[in-house]
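Structural overview
Spelled out from the first residue to the last, the chains are:
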Amino acid sequence: TLPAVQNTGGAFQLNQSGDLLVTGLVNSGPQAIAATGTLTVQAGASGSSQLFSVGDQTVSAGSILLQGGSSGNGNSASITAVGGSQTVNAGAGGITLIGGSSTGTNNFAQISQATLDPAFTQTVHSDGSVLLDSGDAGAFNFTIIRAFGGHQSLDAGSTTLMAGAGGAANFAAIQAQSQDIHIRGDLAFIAGGSASSGTSGGGAQMGGRGGAAPSAANLALAVDGNLTLSGGTVAGSVIGQGLVNNE
């Protein structure tokens, strides 16, 4: 278990044989973190959990699970890089992001390259499936894989983006201004009953960034299996430009 690390002035490297559970804030300069088993970033009822690097970040594991808090507010789970490029690799166990299940707010789960500089890229690879499963109540209990600035490359097995069944802004999204995405299996977008917040939609989306200042989409998408877009009772599913209101 890795509860908390504060090493903002220097690099942080960890090689774990077996599973690795992150339950606190791991903040440092450049990061290189690897686990042969499951890497779990688990938010609690009264605090966030994150791997946060200032500089390049490389995270590798047999499988990766990010779980937003099940109660309270502001209990997020994230793998985030600022001021550098981000590489995330998962083995056959795949990548799963789960938004908070409570009526709270901002209990989201995200993998994010969070600097607008186009020089900083995001590369995500999963030998297994990828699931984004957003919260069914509350607000901003979303799931997202996002590159704010540079190019995003994603190569994965069957991938599902499942927006929340209720609440507001419980969207599921894979976003960047420039994307190359290869899905080695099926790709499914499943919208639900999550309403718009006014600046963020509540649906399932792949393409340009959303929010108050949506970006254009520049997406090269290849799907080896079936591609399915399912609308919900309130929100919809979109491939393309990020939208201010419901996708």
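Before any of the text, the structure's been laid out above.
Read on for an overview of the structure.

About the cut-offs
Residues numbered from 1 in each chain as written. Predicted model: local features only at pLDDT ≥ 70, side-chain atom pairs only at ≥ 80, totals over all residues. Heavy atoms only, no water. Helix = DSSP H or I, 4+ residues; strand = E, 2+ residues; numbered from the N terminus. Rg over C-alpha atoms; globule rule 2.2 N^0.38 Å. Buried < 20%, exposed > 50% of the residue type's maximum accessible area, 1.4 Å probe, protein only. Contact = heavy atoms within 4.5 Å. Areas by Shrake-Rupley, 256 points an atom, 1.4 Å probe, with all protein chains shown as cover. Pairing = 2+ DSSP bridges. Phe/Tyr/Trp six-rings, centres within 6.5 Å; stacked < 30°, edge-to-face > 60°. Polar contact = N/O pair within 3.5 Å; in protein donor to acceptor, adjacent residues only side chain to side chain. Salt bridge = Lys/Arg side-chain N within 4 Å of Asp/Glu carboxyl O. Core = buried A, V, L, I, M, F, W, Y, C linked by side-chain atoms within 4.5 Å. Axes fitted to C-alpha atoms, helices over the stretch in contact; angles between N-to-C directions.

Okay, the overall build of the chain next. Broken down by element type, the chain carries 0 helices and 22 strands. The C-alpha atoms of the chain give a radius of gyration of 16 Å, which matches the 18 Å a tight globule of 247 residues would have. If you line up the chain on its principal axes, its C-alpha atoms span 45 × 35 × 30 Å. For the chain, the residues scored as buried account for 51% of the 247 residues in total. If you take every contact in the chain between residues at least 6 apart in sequence, the share linking residues at least 24 apart comes to 77%. Per element, the accessible surface of the chain, about 8,700 Å² overall, is 52% carbon and sulfur.

So, about the environment of Phe108. Along the chain, Phe108 turns up in the loop between β9 (86-98) and β10 (109-113). In sequence terms Phe108 and Ala139 are 31 residues apart; their C-alpha atoms lie 9.2 Å from each other. In contact with Phe108, not counting residues within four places along its chain, are Gly68, Asn75, Ser76, Ala77, Phe140, Asn141 and Phe142.

A few words on the pairing of strand β14 (residues 152-156). Burial of the side chains of β14 is restricted to one face: Gln152, Leu154 and Ala156 are buried, whereas none of Ser153 and Asp155 on the reverse face is. Sheet analysis places strand β11 (residues 122-126) next to β14, joined by 4 bridges and oriented parallel. Each bridged residue has a counterpart across the sheet, and for Val124 the counterpart in β14 is Leu154. Here 5 bridges tie β14 to strand β17 (residues 179-183), and the two strands are oriented parallel to one another. Residue pairing across strands places Ala156 opposite Ile183, the latter belonging to β17.

Before going further, it helps to examine the packing of aromatic side chains. In this structure the tally under the stated criterion is 2 aromatic pairs. Ring centres 4.7 Å apart and planes at 0° place the aromatic pair Phe108 and Phe142 in the stacked group. Taken together, the residues span a long stretch of sequence, with Phe108 in the loop between β9 and β10 and Phe142 in the loop between β12 (130-133) and β13 (143-147) at a distance of 34 residues. When its relative accessible area of 7% is taken as the criterion, Phe142 is described as buried. Measuring from ring centre to ring centre gives 4.6 Å for Phe142 and Phe171, while their planes differ by 5°; the resulting arrangement is stacked.

Note on placement: Ser49 falls in strand β6 (residues 49-54). A polar side-chain atom of Ser49 sits 3.2 Å from the main-chain carbonyl oxygen of Thr23.

Let us now look at the pattern of salt bridges. Two side chains of opposite charge can pair, provided their charged atoms sit close to one another. This model, assessed by the stated rule, comprises 1 salt bridge. Among the salt bridges present, the one from Arg184 reaches Asp155, with a minimum N-O distance of 3.1 Å. On the criterion of sequence distance, the pair formed by Arg184 in the loop between β17 and β18 (187-190) and Asp155 in strand β14 is long-range, its members being 29 residues apart.

Before going further, it helps to examine unusual backbone geometry. For Asn106, which is not glycine, the phi dihedral falls at a positive 60°. In this fold, Asn106 is placed in the loop between β9 and β10. Positive phi, normally seen in glycine, also occurs at Ala169, with a value near 55°. Among the structural elements, Ala169 can be located in the loop between β15 (159-162) and β16 (172-175). On the accessibility criterion, Ala169 (0% relative accessible area) is buried.

Let's shift gears to the nonpolar core. Judged by nonpolar contacts, the single largest core of 39 residues is most densely connected at Ile64, Leu66, Ile95 and Ile145. Residue contacts for Ile64: discarding those within four places in its chain leaves Leu39, Ile79, Val88, Asn89, Ala90, Gly94, Ile95 and Thr96. With 5 residues, the next largest nonpolar core counts Phe108, Phe142, Ile144 and Phe171 among its residues.

Bringing the sheet that holds strand β4 (residues 25-28) into the picture now. Strand order in the open sheet formed by 9 strands is β1-β4-β6-β8-β10-β13-β16-β19-β22, with parallel pairing between adjacent strands. If you trace the sheet from one side to the other, it starts and ends with β1 (5-7) and β22 (237-240), each paired once. For this sheet, the mean angle separating the axes of adjacent strands, direction not counted, is 5°. Bridge count for β16 against strand β19 (residues 204-207) is 4 bridges, and the pairing is parallel. Bridge pairing in β19 places Gln175 opposite Gly207.

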